[in-house]
Amino acid sequence: MLDLNTSSLIPFFTTLPLSYLLIPLIFIFIIFHFLSNSHPHSKTPCPQSYPIIGNLLGFLRNRHRFHDWITEMLSQTPSSTLRVRSFLDLSHGIGTANPTNLEHFLHLNFPNYIKGSRFYSVLNELLGDGIFNVDGHLWTLQRKIASHEFNTRSLKHFIISFTVNSEISNSLIPYLSSNEDKVIDLQDALQRFGFDNICHVAFGVNPTCLASDNMNQNSPSSNFVKAFNVAVEISSLRMLSPLPIIWKIKRFLNMGSEKRYREALKVINHYAMEIIRSKEEEEQQQVGSEESLRNQDLLSRFMYSSSLNTQDFKDKEQNRKFLRDIVISFILAGSESTSTALTWFFWLISGHPRCKQRIYEELLSNSSMVQGKQCGNILSYDELKKLHYLHAAISESMRLFPPVPMESRLAVDDDVLPDGTYVGKGWFCDYSAYAMGRMEKIWGKDCREFRPERWLNDDGDFQPSDQFRFPVFHCGPRICLGKEMAYVQMKSVVAALMFEFEIMAVDGGGASPEKMMNPPYMLSLILKMRGGLPVRIRRRQQ
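Being a predicted model, the structure only gives us computed values, none of them experimental.

Conventions adopted
Note that residues are indexed from 1 along each chain, following the sequence as it is written. Residue-level local features of this predicted model are given only where pLDDT is at least 70; pairs of side-chain atoms are given and counted only at 80 or more, and the full residue set underlies all totals for whole chains, interfaces and linings. Water and hydrogen atoms play no part in the side-chain values, which are based on all heavy atoms of the structure. Between N-to-C directions, angles cover 0 to 180 degrees, with each direction set by a line fitted to C-alpha atoms, over the stretch in contact for helices. The secondary structure listing takes helices from DSSP runs of H or I that are at least 4 residues long and strands from runs of E that are at least 2 residues long, numbered from the N terminus. Comment on the angle field: the value is read as roughly parallel under 35 degrees, roughly antiparallel over 145, roughly perpendicular from 65 to 115, and oblique elsewhere. Two residues qualify as a contact provided that any one of their heavy atoms is within 4.5 Å of a heavy atom in the partner residue. Basically, the charged four are Asp, Glu, Lys and Arg, the nonpolar ten are Ala, Val, Leu, Ile, Met, Phe, Trp, Tyr, Cys and Pro, and anything else, Gly included, counts as polar. As used here, the term nonpolar core means buried Ala, Val, Leu, Ile, Met, Phe, Trp, Tyr and Cys residues forming a set that is joined through side-chain atoms within 4.5 Å. Exposure is judged per residue with a 1.4 Å probe applied to protein chains only, and the accessible area is read against the type maximum: over 50% gives exposed, under 20% gives buried, and values in between give partly exposed. We call two N or O atoms a polar contact when they sit within 3.5 Å, provided that within protein one can donate a hydrogen and the other can accept it, with sequence-adjacent residues counted only if both atoms are side-chain atoms. Should DSSP find at least two bridges between two strands, the strands are taken to pair.

Visitor: Which parts of the structure should I look at to understand the packing of helix α6 (residues 116-127) against helix α12 (residues 256-285)?
Guide: The packing of two helices is summarised by the inter-axis angle and the distance between the axes. It is at 10 Å that the axes of α6 and α12 come closest, and there the two elements cross at 40°. Relative to α12, the element α6 is oriented oblique. Residue-level inspection shows Val122, Glu125 and Leu126 of α6 in contact with α12, the latter providing Tyr261, Leu265 and Ile268. Its residues assigned to classes, the contact of α6 with α12 comprises five nonpolar, no polar and one charged.

What follows is the structure in structure tokens.
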């Protein structure tokens, strides 16, 4: 009989090369991988997955075209759903582009799918307990306050009259006029315009980012802008890291990008708290007048609302922290999403002259637009509603290039999706808005074509799509509160710029099938255009 005494095996193992010692370990992982695949509910395919490393190899190979890689895999699966395997099976999850699945976990079974620790751990230093980063009571409280404010007529008036229109007339158009017949990066200009606008909406403060010379100054506003950009960039690196343990170690040691992140957060927090304190002083001077507080920026409105719900806060500092978190959250949500959507819109329009001409003709048919040429007016809220083709073109652009290309949730308990996909407790559920816009099952064989007409009925009126087929503004109870305002801002910008200027992409825009199959985006939380959008600006001869 073979003697299996442990002590007798020690000399044997000490003489083996290290590679031989790894073989049993690899064998164990292979068995573990096989057993985890043999779950009775695990019939969902897991393309390009390998023992031990999971999908890591495919991710590294396709990092430069990540969203198209995901789209290809999802389109090849029976129900547009796939299993995701991480390195060493440290986490489990699924990815989907199936509208029925989205409706299930974002609406019908909403309580079972939360933001969870995976999302919170990445963004908690920046967003804290802000509305986009929390669940449960904190989310409900903020959603209730924000929902009420976004539905007030006074906020629409503030956003349209005092922010969007004034920024377009006094900042964006003069900036483009000063660069006539030059090549500029339109993505950069729109990002700076968007940041000015959202800071005005959120804080009532304009950092004047679009005035490029101001960005070289060492002012509190310019420092805040620079710090915010650093924080968003590093947050993206965290979220998309295939091995989160790396950035967590760097954070623990306070080194590299994590050290820069910590320094940026100090600037952001100081700036936000100073504005909150100044608003408190204004409030005292206005002796609590409801009208004076509510006809202002979001911070002033949230301050008024939170003052009515003092039972939710232990003291003044906790109330300030609440205000800081929710306002910073809205700046993150609004600073780059609309500018990114507009960047892809102008890229696509440059490659589709027929659509560009139709938008221009729609603007010419609007008498207020023509009169505004002389009196300097911008279209009103009601007038913007009449621009059906423009609304369709912007929606079509976001279908193909959603500003937030992918979202994630965490399962609280075991569940089975409508297509039969098993989701275990603690698994992540990702959905790809980018992939959904390119699914033949949803949009037909011309799904990769830019065709605004798909959004219009026989009378030429805009027809919205079901939110679970077009999840660009998210779905269910967490649907974006700023959806309507985002459309207002984008339509205002496009109408003003296309009426005043010819905007031509240097690369010809998104006209060819090759460009649409391999679009120039970068891997980030936001679907930014890689290398910017170089355009030439020429004033129209009316």
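Let us keep going from here.
Visitor: I'm lost on the nonpolar core in this one. Help?
Guide: Generally speaking, a soluble globular protein has its nonpolar side chains buried in company with each other. Phe203, Phe224, Ile331, Phe345 and Phe346 are the most contacted members of the largest nonpolar core, which totals 144 residues. Element by element, the count of residues in this core is highest for helix α23 (residues 483-500), at twelve residues. Apart from residues lying up to four places away in sequence, Phe346 is in contact with Leu186, Leu190, Val494, Leu497, Met498, Ile503 and Leu533.

Visitor: I tried to follow the side chain of Asn98 on my own but got confused; where do I start?
Guide: Locating Asn98 in the fold gives a position in the loop between β2 (92-96) and α5 (99-108). Polar contacts involving the side chain of Asn98 include one to the main-chain carbonyl oxygen of Ser79, which spans 3.0 Å. In contact with Asn98, other than residues within four places in its own chain, are Ser79, Ser80, Thr81, Asp419 and Met436.

Visitor: Please clarify how the side chain of Ser408 should be interpreted in this entry.
Guide: With respect to the helices and strands, the residue Ser408 is situated in strand β5 (residues 406-411). Separated by 2.5 Å, the side chains of Ser408 and Arg118 make a polar contact. Polar side-chain contacts of Ser408 include one of 2.6 Å to the side chain of Asp430.

Visitor: Looking at this structure, how should I read the sheet that holds strand β1 (residues 81-85)?
Guide: By way of backbone hydrogen bonds, the strands of a sheet pair with one another, either parallel or antiparallel. Taken together, five strands build an open sheet; the order of strands is β1-β2-β8-β5-β3 and the sheet is mixed. The open sheet is flanked by β1 and β3 (113-114), the only strands paired with a single partner. Pairing analysis gives two bridges linking β3 to β5, with the strands arranged antiparallel. Bridge pairing links Tyr113 to Ala411 in β5. Each of β1, β2, β5 and β8 (428-432) is contacted by helix α4 (residues 66-75), which is oriented at about 125° to β1, the strand it contacts most.

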